[in-house]
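# A structural walkthrough
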Amino acid sequence: MASFARVIGDGVLDGLRVVEGSAFVAAPSGGMALAQLGAEVVRFDRIGGGIDYGRWPLTAEGRSLYWAGLNKGKKSVAVNLRDPAAHELLSELIGVAGTFLTNFPAQGWMAPERLTARRSDLVMVAITGNRDGTTAVDYTVNAAVGFPMVTGPADLDDPINSVLPAWDLLCGQTAAVGILAAERRRLLTGDGSVMMLALSDVALAATAALGYVAEVQVNGAIRPRCGNDLYGAFGVELSTADERRLYAVGISGRQWASLVEATESEAAVAEIALARGLDFTDEGNRYEARHEIKAVMQEWAGARSFAEAAERLDALGVCWGPYQTFAELVENDGRCSPAAGLFREVDQPGIGPYLVPGSPLAFAPGPGMGPDALGDATAPVLGQHTDEVLAGWLGLSAGEIGRLHDAGVVAAGS
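This one's a predicted model, so the numbers in the text were calculated from it and none came from an experiment.

This part covers the pairing of strand β5 (residues 123-128). Counting buried residues along β5, five of its six residues qualify, which places the element largely inside the surrounding structure. Bridge count between strand β4 (residues 99-102) and β5: four bridges; the pairing is parallel. What sits directly across from Thr99, in β5, is Val123. In the classification by handedness, the crossover that spans β4, the intervening helix α4 (residues 112-118) and the parallel β5 is right-handed. As paired elements, β5 and strand β6 (residues 193-198) share six bridges and run parallel to each other. Pairing of Ala126 across the sheet is with Met196, part of β6.

A separate point is the packing of helix α5 (residues 138-145) against helix α7 (residues 199-209). Contact pair α5 / α7: the axes reach a minimum separation of 10 Å and the direction vectors enclose 35°. α7 is crossed by α5, and the crossing has right-handed handedness. Two secondary-structure elements touch here, α5 through Asp138, Val141 and Val145 and α7 through Leu199, Ser200, Ala203, Leu204 and Thr207. Of the residues belonging to the contact of α5 with α7, the class tally is five nonpolar, two polar and one charged.

Looking now at the pairing of strand β11 (residues 352-357). Bridge analysis of strand β10 (residues 343-348) against β11 gives six bridges, and the strand direction is antiparallel. Residue pairing for β11: Gln348 is matched across the bridge by Gly352. Linking β10 back to β11 in an antiparallel pair, the connection comprises three residues, with Gly350 at a positive phi of about 85°.

On to a nonpolar patch on the surface, then. Together, Val12, Leu361 and Phe363 make up a nonpolar patch on the protein surface, roughly 240 Å² of accessible area in all. In this structure, Phe363 sits in the loop between β11 and α15 (386-392).

This paragraph deals with helix α9 (residues 253-262). What α9 keeps buried is the set Trp256, Ser258, Leu259, Val260 and Ala262. Tucked inside the fold, the buried residues of α9 contact β7 (235-239), β8 (245-249), α10 (266-276), α11 (283-288), α12 (290-302) and α13 (306-315). At the C-terminal side of α9, Glu264 shows a positive phi close to 55°.

Criteria and thresholds
Residues numbered from 1 in each chain as written. Predicted model: local features only at pLDDT ≥ 70, side-chain atom pairs only at ≥ 80, totals over all residues. Heavy atoms only, no water. Buried < 20%, exposed > 50% of the residue type's maximum accessible area, 1.4 Å probe, protein only. Helix = DSSP H or I, 4+ residues; strand = E, 2+ residues; numbered from the N terminus. Pairing = 2+ DSSP bridges. Right-handed = clockwise from strand over helix to strand, strands pointing away. Axes fitted to C-alpha atoms, helices over the stretch in contact; angles between N-to-C directions. Left-handed = near helix turned anticlockwise from the far one by under 90°. Contact = heavy atoms within 4.5 Å. Nonpolar A, V, L, I, M, F, W, Y, C, P; charged D, E, K, R; others polar. Patch = residues over 30% accessible without salt bridge, like charges linked within 9 Å, V, L, I, M, F, W, Y side chains within 5 Å. Areas by Shrake-Rupley, 256 points an atom, 1.4 Å probe, with all protein chains shown as cover. Salt bridge = Lys/Arg side-chain N within 4 Å of Asp/Glu carboxyl O.

Structure below.
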């Protein structure tokens, strides 16, 4: 086996090697978070691509923008996952890396006891659907925890699913945090860690942390639908004279005061407070009177163009945002410009040039930090790094790698 020694450079996570066996969103997003911070993440897939390799949205040529988006900055190894020789190679790679992230079943050659037998200080995160190992995906988990029953118009009885796979994304970040926590433990103690992470546990923990579980147990209450209102606080959807929509919030005292002032609603809001006998310094009271308050603020917004309303809201420091389509986000929102710091344009093989974000963590400039430390922001071509990783990580010769290709155990990028 190749040496476990690592060369530490000046990147934020330079020296951290991770092998990723994944599909869908949770595990790939966790691996990408680490890769964007400088870890060397090698994703392995079956030859020809896994179940998410052709997932929508696709380019006209059939390339998956979804797959490219979740695998930025990684290396790709393509193997015949049915071949025991490939299992041996991947087990060797995991041993060399010392860190393994997967949402494939942790059994057979990927069983923790078999991998830790090769490397006792292995850090491993195995993502499952449910804690008992049964299958689940974001959309089934979300349905079960209750959010679709409080999403949508207040007078609706049917469930409304979210188009955002929030639990997958949160699970991926939790996996990344787990890896970094275990890596720190290993550095301090020399001990490895095997972590099982259930997608449904991530959702249940978040649901409870936000008070939804306690609300039932302690208050005996069932959360009502409230449409686009902000439950227990004040958030208002407003339409301007030119039929644009925006959303403004008044959660903190400062946010509330600036919103009332910006919409020139002071007198009317004071009258509502007096008539209802409510103190609007309490955010819950603002929620109770939200319909009357919205009517006042809507009168102000409806008499102005979107540009006029935006200028006034910005001038008073209101917390607000426009409703806009993905197209409007890309074409009109300056935050998507490379000049804003998060995005840069890359030429993705097989797709062409488009905007790609770096890590949302904005490190102060310094060694291994800032935009210049992001490295290659493109996603790999499937199998692009097969030969490089086999040679560099395992020390295989060109002849040995060639024989693996001839036997159909591995494949290079195309």
